[in-house]
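# Remarks on the overall topology
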Amino acid sequence: PSHLKIVTVLLFIFVVVSTPITVWPAFIAFFALVLATTIAAKVSIFTLFKRALIEIPFIFFAILMPFFGEGERFQLGPFNLYRDGLLAGGSIVAKGTLGVMIAVVLSTTTTAREILRGLERLKLPSLMVQIASFMLRYVNVISDEMERMKIARESRGFHATGIKHWKVIATSAAALFIRSYERGERVHLAMLSRGFTGELPHTESKKVEMSSWLIALALPFFALLISLIFRVIG
């Protein structure tokens, strides 16, 4: 079930975040654990690393941290680095990468609809789940509407080349907002006419077997075990 996957990911991230970066052998084991989970989930390693590239902007930020800070400093070639900044940057890179990788495994093996249903079962406010659900459902519709409006402008000889055309683009954005709002009103009325009472219908079973819980908790359990072992050794 999707909510068990979400619980597994959240617990794993909690263990990773709570482990000090100074216990670096534990993070090597965490990476091995994530790779083993990826293989067990039948997710391509290439897909995992390709989608994990989304964290590159954060890595650039973390690279700058050793150059700023206070306290102990040491020389590394031509660079003068701060120890606290180096640890903080390494912590962001290691923990962020692990979090992104396990999230990629979750998103690859679970559809967006199943994730939202899982969040609902974990008692996330129903209204938030419904808003996210409709956003995912209609984002392509709004994107297609934008494309049609762009084609309509270009068919009339319009090409944005500078500030003087911003008024036309702003007018188009306003028109898109109004159309989206009106579409939302029509969809809501259509739902009410079909008996919508504030909860989206679903047929997912609410009963979860104990074996499913044991499988789901295996990943965070091994992560916690690794963290404790290396803390004691260290």
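What you are looking at is a predicted structure, and each value in this text was computed from that prediction instead of being measured. (Residues numbered from 1 in each chain as written. Predicted model: local features only at pLDDT ≥ 70, side-chain atom pairs only at ≥ 80, totals over all residues. Heavy atoms only, no water.)

Between helix α2 (residues 24–40) and helix α9 (residues 210–233), whose axes approach to 9 Å, the crossing angle comes to 160°. The angle between α2 and α9 places the two elements in the roughly antiparallel class. Crossing handedness for the pair α2 and α9: right-handed. Residues P25, A26, A29, F30, L33 and T37 of α2 pack against L219, F222, A223, I226, S227 and F230 of α9. Taken together, the residues that form the contact of α2 with α9 break down as 10 nonpolar, two polar and no charged. (Axes fitted to C-alpha atoms, helices over the stretch in contact; angles between N-to-C directions. Helix = DSSP H or I, 4+ residues; strand = E, 2+ residues; numbered from the N terminus. Parallel < 35°, antiparallel > 145°, perpendicular 65-115°, else oblique. Left-handed = near helix turned anticlockwise from the far one by under 90°. Contact = heavy atoms within 4.5 Å. Nonpolar A, V, L, I, M, F, W, Y, C, P; charged D, E, K, R; others polar.)

Between helix α6 (residues 112–121) and helix α7 (residues 126–155), the least distance of the axes is 9 Å, while the angle of their chain directions is 175°. With respect to α7, the axis of α6 lies roughly antiparallel. Residues A112, L116 and E120 of α6 lie in contact with α7, whose contacting residues are S126, V129, A132, S133 and L136. Residues belonging to the contact of α6 with α7 are distributed by class as follows: five nonpolar, two polar and one charged.

If you look at the biggest cluster of nonpolar residues, it comprises 25 residues, and the most contacted ones within it are F12, F27 and F30. Among the secondary structure elements, those contributing two or more residues to this core are α1 (2–18), α2, α5 (83–109) and α9. Residue contributions to this core peak at seven residues, all from α5. With near-sequence residues (within four places) excluded, F30 lies in contact with F12, V15, V16, T19, L98, A223, I226 and S227. (Core = buried A, V, L, I, M, F, W, Y, C linked by side-chain atoms within 4.5 Å. Buried < 20%, exposed > 50% of the residue type's maximum accessible area, 1.4 Å probe, protein only.)

Gaps left between atoms show up when a probe the size of a water molecule is rolled over them. Applying the stated criterion across every chain yields a total of one cavity of 30 Å³ or more. Within this model, the largest cavity holds a volume of roughly 30 Å³. Around the largest cavity, the lining residues are I142, E145, L176, R179, S180 and R183. Secondary-structure elements contributing two or more residues to the lining of the largest cavity are α7 and α8 (166–193). Sort the elements by how many residues they give to the lining of the largest cavity and α8 lands first, with four residues. Residue classes in the lining of the largest cavity are distributed as two nonpolar, one polar and three charged. (1 Å grid on protein atoms, 1.4 Å probe; cavity = no way out; pocket = protein on both sides within 12 Å on 5 of 7 lines; lining within 4 Å. Points joined across faces, edges and corners; volume = space filled by probe spheres on them.)

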